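Each chain, letter by letter, is given below.
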Amino acid sequence: MVESKNSDTVHSPIVTYASMLSLLTLCPPFVILLWYTMTVADGSVFNTFEYLNNNGLQGFLNLWPKPTLLACKIIAVYAAFEAALQLLLPGPTVYGPISPAGNRPVYKANGVAAYLVTLLTYVALWWFGIFNPTIVYDHLGEIYSTLIFGSLIFCIFLYIKGHLAPSSTDSGSSGNIIIDFYWGMELYPRIGKYFDIKVFTNCRFGMMSWAVLALTYCIKQYEENGKVADSMLVNTTLMLVYVTKFFWWEAGYWNTMDIAHDRAGFYICWGCLVWVPSIYTSPGMYLVNHPVNLGTQLALFILVAGILCIYINYDCDRQRQEFRRTNGKGLVWGKAPSKIEASYTTTSGETKRSLLLTSGWWGLARHFHYVPEILAAFFWTVPALFNHFLPYFYVIFLTILLFDRAKRDDDRCRTKYGKYWKLYCDRVPYRIIPGIY
Ligand code: NDP
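Residues numbered from 1 in each chain as written. Predicted model: local features only at pLDDT ≥ 70, side-chain atom pairs only at ≥ 80, totals over all residues. Heavy atoms only, no water.

Peer 1: Now, about the site of the ligand: what can you tell me, with residues and values included?
Peer 2: Within the structure, the ligand sits among 29 residues, and Asp317, Tyr370, Glu373, Asp409 and Tyr417 are positioned closest to it. Backbone polar atom of Met257 to an oxygen atom of the ligand: 3.5 Å apart, as the coordinates give it. Lys416 has a polar side-chain atom sitting 2.6 Å from an oxygen atom of the ligand. The fraction of the free accessible surface of the ligand (910 Å²) that becomes covered by protein chains is 95%. The set of elements that each furnish at least two residues to the shell around the ligand consists of helix 14 (296–325), strand 6 (351–357), helix 16 (370–381), helix 17 (393–417) and helix 18 (419–427). By residue number, the principal contributor to the shell around the ligand is helix 17, which donates 10 residues. A breakdown of the residues in the shell around the ligand according to their chemical character gives 17 nonpolar, four polar and eight charged. (Near = heavy atom within 4 Å. Polar contact = N/O pair within 3.5 Å; in protein donor to acceptor, adjacent residues only side chain to side chain. Areas by Shrake-Rupley, 256 points an atom, 1.4 Å probe, with all protein chains shown as cover. Helix = DSSP H or I, 4+ residues; strand = E, 2+ residues; numbered from the N terminus. Nonpolar A, V, L, I, M, F, W, Y, C, P; charged D, E, K, R; others polar.)

Right, here's the structure in full:
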């Protein structure tokens, strides 16, 4: 068992508690209000505000769709399909990074196969008239509502499992029920030996639903209008390129903070099960009823700029991964990399060695890769133009999330690497934006 999670929090206890409680209570209604505004209130925050002002709490309760049997069936079939693909599709064995307790999780890298099978199956179901994706769009409110409650129950299951049947020694309680529920208890919870719960929630359910919903919005606009506006095409293409990149690099994702440092609790699992399908896809949700004609030139410009940002973001992740994989021997931007050889101590007291790259993208700023990530999100949103603020909510949320994440990661690395991290900060002084921050 590892030490208390309280030691992991980077903000003051009062800020930590306030943010945990407000996220626990505000995120679920926010998902419903966003869906309502996008699909019923013409994308206008002002319309929703006026409705709530006139109808009060009862009006809010009335607009919240109840979970339905149909929504349960859609979610259950999708989840079971993804779980089966995760377990059954072949893929090479890959190893995650050494955990704080000194464990090394083993995965089956079959993300690209699962992604292709999912999208081909979904389009084929539509093409052959077996299942029309517009059903998903038409029942989206019920689906989100069901996901909200279902995922809360799932997080309670994670909490109980963490207490009673942890899968590895990378688990532990902070002694505080709210922190345990919110941040989670287990780092690598599994069902049996092979079914990794975080790979399922984060990748195969959450990220996969992003691609599935992007296609759903596109198909809905086509079925509604008999054509797809270029704005929707740019949005869908960029989101699909982004998710394709994600699955292409999925084994790399298993080395990142989400998997290697954040435990399975409300924050990461509820976030991936509900927040990703609803908030991350929201620019596409908006475009369904707001087709914009950009014209070929502007559409192409946005598309190319977005793809370039996604590529740079991918290349940053790839560069770091290759650097570690080759033990600092591969070339970075055509030259031998500059690096810091760091050592650290695991919670079990072992001393380990690690390398920090200080050239290439990682020499520009310590989290430069967040810049193209944010810009890519801007480019798949900007086809909505500027009639309404709400489509931009995701970009703003992502910016806040990543700036906070950069601070959390810096603090964690400072604790882990001590003087070596200080040396890295001296060599690469900017946190995210070179020359500015
Ligand atoms: P990173 O890929 O930035 O990984 C951070 C870890 O990398 C650190 O904890 C440290 O881990 C290691 N590291 C830090 N600096 C160096 C260096 N100079 N050389 C070698 N290793 C280093 O984590 P993220 O999870 O934040 O990002 C992964 C990807 O996911 C990015 O593309 C990001 O944009 C994306 N992302 C997207 C989000 C979204 O909601 N759309 C949210 C978050 C991320 P160690 O302990 O191993 O040294």
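Peer 1: How would you sum up the environment of Phe301? Please name residues and give values.
Peer 2: Relative to the helices and strands, Phe301 is located in helix 14. When its relative accessible area of 56% is taken as the criterion, Phe301 is described as exposed. The spatial distance from the C-alpha of Phe301 to the C-alpha of Phe379 is 9.7 Å, given a sequence separation of 78 residues. (Buried < 20%, exposed > 50% of the residue type's maximum accessible area, 1.4 Å probe, protein only.)

Peer 1: Explain unusual backbone geometry residue by residue, including any values.
Peer 2: For Trp333, which is not glycine, the phi dihedral falls at a positive 50 degrees. Positionally, Trp333 belongs in the loop between helix 14 and strand 5 (339–345). Not every positive phi belongs to a glycine, and Leu385 is a case in point at roughly 55 degrees. Locating Leu385 in the fold gives a position in the loop between helix 16 and helix 17.

Peer 1: Lay out the pairing of strand 6 with the relevant residues and their values.
Peer 2: Counting buried positions over the seven residues of strand 6 gives five, a clear majority of the element. Bridge count for strand 5 against strand 6 is seven bridges, and the pairing is antiparallel. Note on strand 6: the bridge partner recorded for Ala342 is Ser354. Here strand 5 folds back onto strand 6 in antiparallel fashion, the turn holding five residues, of which Gly349 has a positive phi close to 95 degrees. (Pairing = 2+ DSSP bridges.)

Peer 1: Tell me about the pattern of salt bridges, and please be specific about residues and values.
Peer 2: The final tally for this structure, using the stated rule, is 17 salt bridges. For Arg190, the salt bridge goes to Asp196, with nearest N and O atoms at 3.0 Å. A relative accessible area of 15% places Arg190 in the buried class. In this structure, Lys220 engages Glu224 in a salt bridge whose closest nitrogen and oxygen atoms are separated by 3.5 Å. Placement of the pair is Lys220 and Glu224 together in helix 8 (residues 197–225), with a separation of four residues, close to one helical turn. Assessed through its relative accessible area of 52%, Glu224 is described here as exposed. Among the charged side chains, a salt-bridge network with shared partners connects Asp138, Lys220 and Glu224. (Salt bridge = Lys/Arg side-chain N within 4 Å of Asp/Glu carboxyl O.)

Peer 1: Mind laying out helix 2 (residues 45–63), listing which residues take part and the relevant values?
Peer 2: Along its 19 residues, helix 2 runs just 15 Å from first to last C-alpha, ending more than 12% under the 27 Å computed at 1.5 Å per residue. Along its length, helix 2 shows its largest kink, about 120 degrees, at Gly56. All buried positions along helix 2 are accounted for by Thr48, Gly59, Phe60 and Leu63. In this structure, the buried side of helix 2 is in contact with helix 1 (13–39). With a side-chain oxygen positioned 3.2 Å from the backbone nitrogen of Phe46, the residue opening helix 2 is Ser44. (Expected span 1.5 Å × (residues − 1). Bend = angle between axes of the 7 residues up to and from the residue. Contact = heavy atoms within 4.5 Å.)

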